[in-house]
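Spelled out from the first residue to the last, the chains are:
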Amino acid sequence: MPMRTPTQKGRFGEYGGRWVPESLVPACLEVADAFEKAWVDPGFREQLQTMLARHVGRPTPLTPAERLSAELGVSVVLKREDLTHTGSHKINNAVGQALLARRMGKQRLIAETGAGMHGVATATAGALLDLPVTVFMGEQDVERQSHNVFRMRYLGAEVVPVRSGSRTLKDATSEAMRHWVSSTEEAHYCLGSVVGPHPYPWMVREFQRVIGDEAREQYAATPDFVVACVGGGSNAAGTFAGFADTSARLVGVEAIGGSGATFGQAGVLHGSRSLFLQDEHGQILEAHSIAAGLDYPGVGPEHAHLRDLGRAQYVAVNDEAAVAAASQLARTEGIIPALESAHALAWVAEAAGTPDLPAGSTVLLTLSGRGDKDIATLIARSEESRA
Amino acid sequence: MKTDRKILMPYITGGVTPQWTDYLPAMAEAGADAIEVGIPFSDPTLDGVTIQEASNVSLANGTTPQSVLNELSETTVDVPIIVSTYANLAVRKGFCADLKAAGVEGLIVPDLPLEEMPAIEEGIDLALLVSPATPPERAQEIVARSRGFVYAVSSMSTTGERDHLPASAIDLATRLKDATGLPVLVGFGISQPAHAAEAARVADGVIVGAAIMRRVLDGAGPARVGEYVATLRAALD
């Protein structure tokens, strides 16, 4: 079953859609129309391909994690999105959308960011294509990701701290949407994950499918398992897209405190009907994770659909397991992963040798980003554990 | 909602103060023709800072959709009550039946465009919004499916007080008046009596939210809010 184009209304099964204020409907239609045309235009595809090769560093390699595999008893191969320019898969989508924005004649970019990686990616793409960038970031994330805030500003972007709600990604997304309402004429909203109104969940997946398509080509056979971490779920959607029509088992790994696909209920937020953590009255709950990029109370609508179909399985791991997995990868392979990716590794480490992930299985795991941004968190963590 | 005068629909966030329903009769006596009651949502993506703050205060008070509706049921006020809230609450099973049972006459859901309308249960008048960016054919379809009244969004912005009424408000109201027999109410950014008067020269009335909630959050009681509503009434008459 390949991952298909959503319906005209942007539905993946019963999820998706375009739940936005009327003021944003024309803007969403404009983006959908522009993307549909661009995506079938060989000129656009070639331009994107060239930028991905020259600026992003694609294709990224596959790395067999030999010592880790020996420890776990399963054969793990890593798809190295951490080796892209800017250090995470977010750059694939940011470059794609920035090119699209320029094609649409937009003069600037708006973005939201959690861990800061999408903000850095958008600031980079904006610098490259001469489009000023405004990034909305929860105040709590501004504090814990100061390194990335500096990078964004150094790249010329304006970073706007968001003080409402939980002061994390959920609120940054709300604020970016509010800002877009008043600037649809000149600005393109460069959304960073497979969430939001149609066409974003589809468009972002298509910009990220380069991960899965490359990995499919690079990996000689079909892996038994394809594993990726899920916040909104863009690296997972891109990876899954390359393997959805194979026999590989698709596993999305969430943070226990931000596990929309695992524990969420159907609802409507930020333009989509999908699965969200909410209380019994329908108020959206705040997500909590050591990985700022997984600090989102929902998942993209296509993930909700894949879950319902049983095509992908979603599981959750806790902060401790993620930190331990990051350390294990550093020690065995010389790679410090982003704490987001460490969640995917943690599930593999926990499940290896159990019926969920039998010994000897082959696993393709997307390392969505590198852990440089998380060093302060890791230092604080190791100081805590020493105290 | 038909009156022989220009329609004034003030707004209040349900549960923003423990005695919030006391504002309803005060606003009705001061000349409101209908009152919009907001059921607070955790993530109000179309609201500016004032109504966001009111929503947070209300949720921190322990407000739930049911608590707002229970309190409305116990209140006697002789103007129609229109509830507004976000889609995540409005599409929940039984929500419209609960509104009806509480005596609510209409519903506004700002993040529910035309295409997603079927998600709302029957039985309540859903008033749809039209924005300055809505193309004419789409506006036609929206007004044809709107019930009770049509909500003309004055400008491409979130809710909140503004210094002046944008030209887009008058342009949109004029377009909509030509397209429908339903009352056309202008909302977003109407914060001074002069804005109300200006908008109502074309439209059938106005909706005033943030300017009221600013006063409520600053501690104004029902009498003071009533005085402010009376100034809007006077400007419309």
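The shown structure was predicted, so the numbers you read here are calculated from the model rather than taken from an experiment. (Residues numbered from 1 in each chain as written. Chains lettered and ligands numbered in written order. Predicted model: local features only at pLDDT ≥ 70, side-chain atom pairs only at ≥ 80, totals over all residues. Heavy atoms only, no water.)

Some points on the overall build of chain A
Under the convention used in this document: Helix and strand assignments come from DSSP, with helices taken as H or I runs of at least 4 residues and strands as E runs of at least 2, each series counted from the N terminus. The atom set for the radius of gyration is the C-alpha atoms, and the globule formula is 2.2 Å times the number of residues raised to the power 0.38. When a residue's accessible area, from a 1.4 Å probe over protein chains only, is under 20% of the maximum for its type it is buried; when over 50% it is exposed; and in between it is partly exposed. A contact between two residues is defined here by any heavy atoms of the two lying within 4.5 Å. The Shrake-Rupley method, run with a 1.4 Å probe sphere, supplies the accessible areas, and residue values consider only the shown protein chains as cover.
Per the secondary structure count, chain A includes 15 helices and 14 strands. Over its C-alpha atoms chain A spans a radius of gyration of 19 Å, differing by no more than 12% from the 21 Å that the globule rule assigns to 387 residues. Split into buried and exposed, the 387 residues of chain A put 65% on the buried side. Residue pairs at least 24 apart in sequence account for 75% of intrachain contacts in chain A once pairs closer than 6 positions are excluded. Carbon and sulfur atoms provide 51% of the accessible area of chain A, an area that totals close to 13,100 Å².

Remarks on the pairing of strand E8 (residues 184-187) of chain B
Residue and element names in this part refer to chain B. Test applied: Two strands qualify as a pair provided that DSSP identifies no fewer than 2 bridges between them. Seen with its strands pointing away from the viewer, a crossover is right-handed if its path from the first strand over the helix to the second goes clockwise.
Burial along E8 is two-sided: Val184 and Val186 and Leu185 and Gly187, pointing in opposite directions, are all buried. As judged from the 4 bridges shared by strand E7 (residues 150-153) and E8, these two strands associate in the parallel manner. Bridge pairing in E8 places Tyr151 opposite Leu185. You can see the chain leave E7, run along helix H7 (residues 167-179) and come back into E8, and the turn it takes is right-handed. Examined bridge by bridge, E8 and strand E9 (residues 205-208) share 2 bridges and lie parallel to one another.

A look at the sheet that holds strand E2 (residues 15-19) of chain A
Residue and element names in this part refer to chain A. Spatially, 4 strands are ordered E1-E2-E12-E11 in an open sheet, and the strand pairing comes out antiparallel. Where the open sheet ends on each side, the last strands, each with one partner, are strand E1 (11-12) and strand E11 (265-269). Across 5 bridges, the pairing between E11 and strand E12 (residues 271-276) is antiparallel. When the sheet's bridge partners are listed, Leu269 is paired in E12 with Ser272.

Concerning the packing of helix H8 (residues 193-200) of chain B against helix H10 (residues 222-236) of chain B
Residue and element names in this part refer to chain B. The test is simple: Interaxial angles span 0 to 180 degrees and are taken between N-to-C directions of axes, which are lines fitted to C-alpha atoms, for helices over the stretch in contact. We call a crossing left-handed when the near helix sits turned anticlockwise from the far one by less than a right angle, and right-handed when that turn is clockwise. Polarity classes work like this: nonpolar for Ala, Val, Leu, Ile, Met, Phe, Trp, Tyr, Cys and Pro, charged for Asp, Glu, Lys and Arg, and polar for all others, with Gly in that last group.
For the pair H8 and H10, the least separation of the axes is 8 Å and the interaxial angle reads 35°. The crossing of H8 and H10 is right-handed. When H8 is examined against H10, the residues Pro193, Ala196, Ala197 and Ala200 are found in contact with a partner set consisting of Thr231, Leu232, Ala235 and Leu236. Among the residues making up the contact of H8 with H10, the classes are represented as 7 nonpolar, 1 polar and no charged.

Some details on helix H2 (residues 49-60) of chain B
Heads up, the rule is: In this analysis, the expected span of each helix is defined as 1.5 Å times one less than the number of residues it contains.
Taking 1.5 Å of rise per residue, 12 residues should cover 16 Å, and H2(B) covers 16 Å from first to last C-alpha, within 8% of that figure. What H2(B) keeps buried is the set B:Thr50, B:Ile51, B:Gln52, B:Ala54, B:Ser55 and B:Ser58. Against the buried residues of H2(B) lie helix H8 (169-181) of chain A together with strand E1 (7-13) and helix H9 (210-217) of chain B. Just beyond H2(B), the residue with positive phi is B:Gly62, at close to 90°.

Regarding the sheet that holds strand E14 (residues 362-367) of chain A
Residue and element names in this part refer to chain A. Strand order across the open sheet formed by 6 strands is E3-E4-E14-E9-E10-E13, with mixed pairing between neighbours. Looking along the sheet, the strands with just one partner apiece sit at the ends: strand E3 (62-64) and strand E13 (312-317). Mean inter-strand twist for the sheet, computed between neighbouring axes without regard to direction, equals 25°. Direction of pairing for strand E9 (residues 225-229) relative to E14: parallel, over a ladder of 3 bridges. Looking at E14, one finds that Phe225 is bridged to Val363. Sheet strands in contact with helix H9 (residues 200-218) are E3, strand E4 (75-80) and E14, and its direction is about 135° off that of E4. Relative to the sheet, helix H10 (residues 234-243) contacts E9, strand E10 (249-255), E13 and E14, its axis offset from that of E9 by approximately 165°.

Examining the interface of chain B and chain A
By a widely used convention, the size of an interface equals the accessible area lost when the partners come together. Rules: Buried surface area refers to the total accessible area, computed with a probe of radius 1.4 Å, that the two partners give up upon joining, counted for both partners together. When a carboxyl oxygen of Asp or Glu is within 4 Å of a side-chain nitrogen of Lys or Arg, the pair counts as a salt bridge. Identification of polar contacts relies on pairs of N or O atoms within 3.5 Å, with a donor-acceptor requirement for protein atoms, meaning one able to donate a hydrogen and the other able to accept it, and with residues adjacent in sequence counted only if both atoms are side-chain atoms.
On the side of chain A, 32 residues touch chain B, which itself brings 36 residues to the contact. Buried surface at the junction of chain B and chain A, both sides included, amounts to about 2,600 Å², of which 53% is carbon and sulfur. Here chain B is connected to chain A by 3 salt bridges. Across the salt bridge formed by B:Glu116 and A:Arg11, the nearest N and O atoms sit 2.4 Å from each other. Linking chain B with chain A are 14 residue pairs in polar contact (both at pLDDT 80 or more). For the side of chain B that touches chain A, the elements supplying multiple residues, two or more each, are H2, helix H4 (87-90), strand E6 (129-130) and helix H6 (136-145) of chain B.

Considerations on the pairing of strand E2 (residues 35-38) of chain B
All names here are of chain B. Burial of E2 is two-sided: the residues Ile35 and Val37 facing one way and the residues Glu36 and Gly38 facing the other way are all buried. In the sheet, E1 pairs with E2 via 3 bridges, with the strands oriented parallel. Directly across from Thr13, in E2, lies its bridge partner Gly38. On the question of chirality, the crossover connecting E1 to the parallel E2 by way of helix H1 (residues 23-29) is right-handed. Relative to strand E3 (residues 81-84), E2 runs parallel, the two being bridged by 4 bridges. When the sheet's bridge partners are listed, Gly38 is paired in E3 with Ser84.

Some remarks on the pattern of salt bridges
Side-chain pairs of opposite charge can arise whenever the charged atoms involved come near each other. Residue and element names in this part refer to chain A. A full pass over the atoms with the stated rule returns 36 salt bridges over all chains. Between Lys79 and Glu214 there is a salt bridge whose closest N-O contact spans 2.7 Å. In this pair, Lys79 sits in strand E4 while Glu214 sits in helix H9, placing the two residues 135 residues apart along the sequence. Close ionic contact of Arg167 with Glu139 constitutes a salt bridge, the shortest N to O distance being 3.3 Å. With a gap of 28 residues between them, Arg167 in the loop between strand E7 (158-162) and H8 and Glu139 in helix H6 (residues 139-144) connect regions that are remote in the sequence. The class of Arg167 is partly exposed, set by a relative accessible area of 27%. Salt bridges here are not isolated pairs; linked through shared partners, they connect Arg205, Glu206, Arg209, Asp213 and Glu302.

A word on the packing of aromatic side chains
What counts here: Any pair of Phe, Tyr and Trp rings, taking the six-membered ring for Trp, is counted once the centres come within 6.5 Å. Such a pair is stacked with planes under 30 degrees apart, edge-to-face with planes over 60 apart, and tilted for the rest. For a ring to carry a charge above it, either NZ of a lysine or CZ of an arginine must fall within 6 Å of the ring centroid while also lying within 35 degrees of the normal to the ring plane.
Following the criterion strictly, the structure yields 11 aromatic pairs over all chains and no others. Both rings, one in A:Phe35 and one in A:Trp202, keep their centres 4.9 Å apart while their planes meet at 80°; by these two values the pair is edge-to-face. Here A:Phe35 is found in helix H1 (residues 25-39), whereas its partner A:Trp202 is found in helix H9, with 167 residues between them in sequence. Looking at A:Phe35, the relative accessible area reads 0%, which means it is buried. A:Trp202 gets classed as buried once you look at its relative accessible area, which sits at 8%. Ring centres of A:Trp39 and A:Phe207 lie 5.3 Å apart, and the angle between their planes is 80°; on these two criteria the pair is classed as edge-to-face. With A:Trp39 in helix H1 and A:Phe207 in helix H9, the pair connects residues that are 168 residues apart, well separated along the chain. Taking relative accessible area as the criterion, A:Trp39 reaches 13% and is therefore assigned buried. Each residue in the set A:Phe35, A:Trp39, A:Trp202 and A:Phe207 is aromatic and connected to the rest through ring pairs, giving one cluster. The ring of A:Trp39 has A:Arg45 lying over it, and the distance from NZ or CZ to the ring centre is 3.7 Å. Lying across the ring of B:Tyr228, B:Arg215 places its NZ or CZ 3.7 Å from the centre.

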